[in-house]
Amino acid sequence: MPGSGAVTRNTLRQQIADALRDEVLAGRLPPGTEFTVKHIAEQYEVSATPVREALVDLSAQGLLESVQHRGFRVRVYSVGDYVGMIEARTLIVDGIFRRLVERGAAPGAAEMLVSVRRRAEEARRATQSGSLEVLIGYDLRFWRELSGLVANTYITEFLHRIRVQCWVFAVPHLQRDPLRMREALWGGHRELVEAVTRADVEEVRRMVRAYNQHGLDWAAGLEPLTP
C-alpha cells in the first residue's frame, strides 16, 4: 500500500511533537535547552525525518527556535511576551462570548458543557492539590472545549496555541517557587462554566477580566530566570 508509509510517518511525527510538548510543559525541557534532530531521534529510537518535521511543527507553534548550525532550542519567553499573550487571549475569549451571545452556541452545546464542566472540576482539584502537570492538561482541555462552543476550529486552535505558550512561560517560574505556586494558580474554572451555562454574559466577562488581571499581577512580581 503506497500510502501506508506516509501515514505512519505523519502519525510518528505527531507523537514525537506531542511528547516533546509535554516535556516542555512539564518543565523537563526548560527554556533555553538546546538539542539536535540526531539527539531526539536517538532518544526515541526513530529516524531523523519525522523528528525534524515534529521540531519544525513545534517551532511554528512558538515552542522552539531554530539555532543555525546547532539544532533547536526551547524558546525563552519574557514577561513582555507573556503580557502580549494575555492581551491576545483576552481579545479572543471576549470575541468567543460575544459571538455566543449574538449567534448562540453550536449544535450539541448542552452535551459539550457537560464535558467542559467535568474538565473544570478536574482542574479545580488539581489547583487545590498543587499538581501543576495535571492542572495544565485539564486547563488546556477545558479552554479547548469551551472555545469549541462557537464551532470555529480556527478560533479554537489559535486560542489553544496561545494558552500553550502561556504555560511554557509560566511553568519554570512556578516551579522555581513551589511554596507560592498554589496562590499563583487560577482556579475559577468551575465558576466560569457555571456562568456560561446560565448565559450570564456580564459575570463571564467579569470573571475573565479578573482571571487575566490575576495573570498580569503575578507576572509583574517575577524575577528574570537565570540559567
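The coordinates are above.
Residues numbered from 1 in each chain as written. Predicted model: local features only at pLDDT ≥ 70, side-chain atom pairs only at ≥ 80, totals over all residues. Heavy atoms only, no water.

## With respect to the overall build of the protein chain
Okay, step 1: Counting secondary structure elements, the protein chain contains 10 helices and three strands.
Okay, step 2: When the helices and strands of the protein chain are placed in sequence order, the string is α-β-α-α-β-β-α-α-α-α-α-α-α.
Okay, step 3: Relative to the compact-globule value of 17 Å for 227 residues, the protein chain shows a C-alpha radius of gyration of 19 Å, a close match.
Okay, step 4: With the C-alpha coordinates of the protein chain rotated into their principal frame, the extents come out at 50 × 50 × 30 Å. (Helix = DSSP H or I, 4+ residues; strand = E, 2+ residues; numbered from the N terminus. Rg over C-alpha atoms; globule rule 2.2 N^0.38 Å.)

## Brief notes about the packing of aromatic side chains
Okay, step 1: By the definition in use, this model includes seven aromatic pairs.
Okay, step 2: Arranged with centres 5.8 Å apart and planes meeting at 80°, the rings of Tyr82 and Trp218 form a pair that is edge-to-face. Residue Tyr82 is located in helix H4 (residues 79–103), and its partner Trp218 is located in helix H10 (residues 201–220); the two are separated by 136 residues in the primary sequence.
Okay, step 3: Judged by relative accessible area, which is 6%, Tyr82 ranks as buried.
Okay, step 4: Considering the side-chain rings of Trp186 and Tyr211, the 4.2 Å spacing of their centres and the 35° angle between planes classify their relative orientation as tilted. One end of the pair, Trp186, is in the loop between helix H8 (181–184) and helix H9 (189–197); the other, Tyr211, is in helix H10, and 25 residues separate them in sequence.
Okay, step 5: Among the residues examined, Tyr211 registers a relative accessible area of 9% and is labelled buried.
Okay, step 6: An aromatic cluster of at least three residues, connected via ring pairs, comprises Phe142, Trp143, Trp186 and Tyr211. (Phe/Tyr/Trp six-rings, centres within 6.5 Å; stacked < 30°, edge-to-face > 60°. Buried < 20%, exposed > 50% of the residue type's maximum accessible area, 1.4 Å probe, protein only.)

## Quick notes on H10
Okay, step 1: Its 20 residues give H10 an end-to-end C-alpha distance of 29 Å, which sits within 8% of 28 Å, the value for a rise of 1.5 Å per residue.
Okay, step 2: The set of residues buried in H10 consists of Val204, Met207, Val208, Tyr211, Asn212, Gly215, Trp218 and Ala219. Buried residues in H10, looked at end-on, bunch into an arc of 130°, giving them a common side. Those residues of H10 that are exposed and angled more than 90 degrees off the buried face are Glu202, Arg209, Asp217 and Ala220. (Expected span 1.5 Å × (residues − 1). Arc of directions from axis to C-beta.)

## Some thoughts on the sheet that holds strand S3 (residues 71–74)
Okay, step 1: Taken in spatial order, the three strands line up as S1-S3-S2 in an open sheet, and their pairing is antiparallel. Of all strands in the sheet, those with a lone pairing partner are strand S1 (34–35) and strand S2 (64–67), marking the two edges.
Okay, step 2: Taken together, the four bridges between S2 and S3 define a ladder with antiparallel strand orientation. For Ser66, the partnering residue across the bridge sits in S3 and is Phe72.
Okay, step 3: Contacting S1, S2 and S3, helix H3 (residues 48–60) runs over the sheet at an angle of about 115° to S2. (Pairing = 2+ DSSP bridges. Contact = heavy atoms within 4.5 Å. Axes fitted to C-alpha atoms, helices over the stretch in contact; angles between N-to-C directions.)

## Comments concerning empty space enclosed by the protein
Okay, step 1: Scanning the model with the defined rule gives two cavities of 30 Å³ or more in all.
Okay, step 2: Estimated volume of the largest cavity: approximately 220 Å³.
Okay, step 3: Around the largest cavity, the lining is made up of 17 residues, and of these Tyr82, Trp167, Ala184, Trp186 and Tyr211 lie nearest the centre.
Okay, step 4: Among the elements of the structure, H4, helix H6 (132–147), helix H7 (153–176) and H10 are those that each provide at least two residues to the lining of the largest cavity.
Okay, step 5: In terms of residue count, the dominant contributor to the lining of the largest cavity is H7 (five residues).
Okay, step 6: Among the residues making up the lining of the largest cavity, the classes are represented as 11 nonpolar, three polar and three charged.
Okay, step 7: By volume, the second largest cavity amounts to about 30 Å³.
Okay, step 8: Lining the second largest cavity are Arg89, Val93, Trp143, Arg163, Val208, Tyr211 and Asn212.
Okay, step 9: Counting residues per element, the ones that place at least two in the lining of the second largest cavity are H4 and H10.
Okay, step 10: Of all the elements, H10 adds the most residues to the lining of the second largest cavity, at three residues. (1 Å grid on protein atoms, 1.4 Å probe; cavity = no way out; pocket = protein on both sides within 12 Å on 5 of 7 lines; lining within 4 Å. Points joined across faces, edges and corners; volume = space filled by probe spheres on them. Nonpolar A, V, L, I, M, F, W, Y, C, P; charged D, E, K, R; others polar.)

## Digging into the pairing of S3
Okay, step 1: By the bridge criterion, two bridges tie S1 to S3 in an arrangement that is antiparallel. In the strand pairing of S3, Phe35 is matched with Phe72.
Okay, step 2: Joining the antiparallel neighbours S2 and S3 is a turn of three residues, in which His69 adopts a positive phi near 65°.

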